[in-house]
Structure formats: C-alpha cells, structure tokens
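Structural overview
Here is how the chains run, residue by residue.
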Amino acid sequence: MTTIKQDSAVTLHFTIKLKDGSVADSTHNMGKPARLVIGDGSLSDNFEQCLIGMSESDQQAIELKAEDAFGLPNPDNIHHMDRAKFVGDSEVEVGTIIAFSGPDGMEIPGIITDIAGDSVTVDFNHPLAGQDVTFEVEILTVE
C-alpha cells in the first residue's frame with residue numbers, strides 16, 4: 001500500500017471542526033473529495049505533515065492548535081480604508097467578505113469588521129485564524 005510522502009497525489013475527504021464541534025469546512029458538504037499534491041501549497045505545511053505517512057483508507061482526527069492550523073490573527077492584516085473605495089461595489093456592511101487584488105495579482109479575501117464614518121476596517125486574517133481546530137481526514141487514494 002502506498003503511503004503519503006512529499007509530491008504524492010492524494011485524494012481525500014476532510015472536515016475541519018471548531019472547538020465547539022461546529023463544522024468550518026468539509027469536502028462532504030461539497031459532495032466530492034479534495035485532490036492535492038503534497039507540497040503544492042493547497043494545504044499549510046502543518047496540515048501536510050499530518051498526512052505524511054498515512055495510507056489509503058486511513059482515517060484520523062488530528063487536533064491542531066491555532067498557531068499550527070490557520071495561524072494567529074496578525075494586527076498587520078487589519079487595514080482601514082476610505083469608504084469611497086467601495087463605491088459601486090455591493091453593499092458595504094459589517095460581516096461582508098470582499099475579494100481584493102493583492103500585490104501579486106492574487107485575490108485576497110477580507111472581511112469588513114467595522115465602519116466608522118468614512119473609514120472601513122477590513123480584516124485580511126484567515127477567518128479561522130486564532131481557532132484551535134480538529135482536522136478529520138479520510139484518505140481515499142495515494143499516487
């Protein structure tokens with residue numbers, strides 16, 4: 001049986017649960033498994049390290065501290081922007097997630113956390129930053 005190592009192509013089902021047991025993300029909800037190559041950047045290094053050494057049909061629940069999962073919130077990732085920048089966009093309200101173009105052209109999602117007068121506060125931290133999670137995986141295939 002093939003075990004997962006660097007550059008393995010892996011098809012898996014995963015569920016990420018928060019401390020309270022609620023599901024933050026799951027391939028089961030999408031109705032199809034995820035496929036990735038270890039080392040391609042789809043998952044963080046810490047998530048990949050959890051998978052290395054597992055084989056087809058293995059199932060495991062791995063508890064990860066916030067700093068090993070999506071990291072801790074970084075105050076440098078919170079930006080104050082002029083409300084005028086949002087003209088023509090959808091409604092600007094707290095809780096709205098908006099995609100911004102990063103310096104490298106990649107889209108970066110930010111969530112509006114506060115609106116004060118003409119200042120809009122946008123948090124670019126991962127929505128699960130600061131959260132301890134349980135990473136439940138079921139390995140389907142390893143190539």
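Preceding this paragraph is the structure being described.
If you're wondering where the values come from, they're calculated on a predicted model, not measured in any experiment.

1. Considering the overall build of the chain
Scanning the chain from N- to C-terminus turns up 2 helices and 9 strands. Its helices and strands taken in sequence order, the chain reads β-β-α-β-α-β-β-β-β-β-β from the N to the C terminus. Seen along its three principal axes, the alpha-carbon backbone of the chain occupies a region of about 60 × 35 × 30 Å. Considering the chain as a whole, with its 143 residues, one finds that 36% of them fall into the buried category. Considering only contacts within the chain whose residues lie at least 6 apart along the sequence, 63% involve residues at least 24 apart. When the accessible surface of the chain is summed, it comes to about 8600 Å², and 49% of that surface belongs to carbon and sulfur atoms. When the 8 positive and 25 negative side-chain charges of the chain are each reduced to one mean point, those points stand 3 Å apart.

2. A short note on the sheet that holds strand E5 (residues 78–82)
Pairing within the open sheet is antiparallel, and its 4 strands lie in the order E5-E8-E7-E6. Each edge of the open sheet carries a strand with a single partner, namely E5 and strand E6 (97–101). Ignoring strand direction, the axes of neighbouring strands in this sheet form an average angle of 45 degrees. Examined bridge by bridge, E6 and strand E7 (residues 107–116) share 5 bridges and lie antiparallel to one another. Bridge pairing links isoleucine 98 to glycine 110 in E7.

3. Examining the pairing of E6
Side-chain alternation along E6 places Ile98 and Phe100 on a buried face and Ile97, Ala99 and Ser101 on a face that remains uncovered. Linkage of E6 to E7, two consecutive antiparallel strands, is achieved through a turn of 5 residues, within which glycine 105 is found at a positive phi near 85 degrees.

4. Some details on the packing of aromatic side chains
Aromatic ring pairs: the centre-centre distance and the angle between the two ring planes describe each pair. As enumerated under the stated definition, the model contains 4 aromatic pairs in all. With a centroid separation of 5.4 Å and an interplanar angle of 55 degrees, the aromatic rings of phenylalanine 47 and phenylalanine 70 are classed as tilted. Here phenylalanine 47 is found in helix H2 (residues 45–51), whereas its partner phenylalanine 70 is found in the loop between strand E4 (59–64) and E5, with 23 residues between them in sequence. Look at phenylalanine 47 and you get buried, because its relative accessible area is 3%. The interplanar angle of 65 degrees and the centroid separation of 4.5 Å between the aromatic rings of phenylalanine 47 and phenylalanine 135 together place this pair among those described as edge-to-face.

5. Comments concerning the environment of aspartate 45
Position of aspartate 45 among the secondary structure elements: in helix H2. The sequence separation of aspartate 45 and alanine 69 amounts to 24 residues, and the corresponding C-alpha distance is 9.2 Å.

6. A short note on the environment of leucine 51
For leucine 51, the position within the fold is in helix H2. C-alpha separation for the pair leucine 51 and glycine 39, spaced 12 residues apart in sequence, amounts to 11 Å. Those residues within four positions of leucine 51 in sequence are excluded, and the remaining contacts are Ile4, Leu12, Ile38, Leu43, Phe135, Val137 and Ile139.

7. Section: the nonpolar core
Of all hydrophobic cores here, the largest spans 23 residues; its most connected members are Ile4, Leu12, Leu51, Leu64, Phe135, Val137 and Ile139. Not counting residues up to four positions away in its chain, the partners in contact with leucine 12 are Thr27, Pro33, Ala34, Leu36, Leu51, Val137, Glu138, Ile139 and Leu140. One finds Val92, Ile98, Ile112 and Val120 within the second-largest nonpolar core, a separate group that totals 9 residues.

Cut-off values and rules
Positions within a chain are numbered from 1, following the residues in the order the chain's sequence is written. In view of the model being predicted, local features appear only for residues whose pLDDT reaches at least 70, and side-chain atom pairs are presented and counted only at 80 or more, with totals across whole chains, interfaces and linings using the full set of residues. Side-chain descriptors were evaluated using all non-hydrogen atoms of the structure, hydrogens and water having been removed beforehand. A run of DSSP states H or I qualifies as a helix once it reaches four residues; a run of E qualifies as a strand once it reaches two. Both are numbered from the N-terminal end. Accessible area is worked out with a 1.4 Å probe on protein chains only. A residue is then buried under 20% of its type maximum, exposed over 50%, and partly exposed in between. Contacts are residue-level and defined by heavy atoms, with any inter-residue pair within 4.5 Å sufficient. A 1.4 Å probe and the Shrake-Rupley method give the accessible areas. Residues count as covered only by the protein chains that appear here. His residues and chain termini do not enter the charge count, which takes Lys and Arg as positive and Asp and Glu as negative. The atoms used to mark charge sites are NZ of Lys, CZ of Arg, CG of Asp and CD of Glu. In this description, strands pair whenever DSSP reports at least two bridges between them. Whenever a helix is involved, its axis is fitted only over the stretch in contact; in every case the axis is a line through C-alpha atoms, and angles between N-to-C directions fall within 0 to 180 degrees. Note on aromatic pairs: the rings of Phe, Tyr and Trp (six-membered ring only in Trp) are paired at centre separations within 6.5 Å, and the planes decide the class, stacked below 30 degrees, edge-to-face beyond 60, tilted for the rest. Put simply, buried Ala, Val, Leu, Ile, Met, Phe, Trp, Tyr and Cys residues joined by side-chain atoms within 4.5 Å make one nonpolar core.

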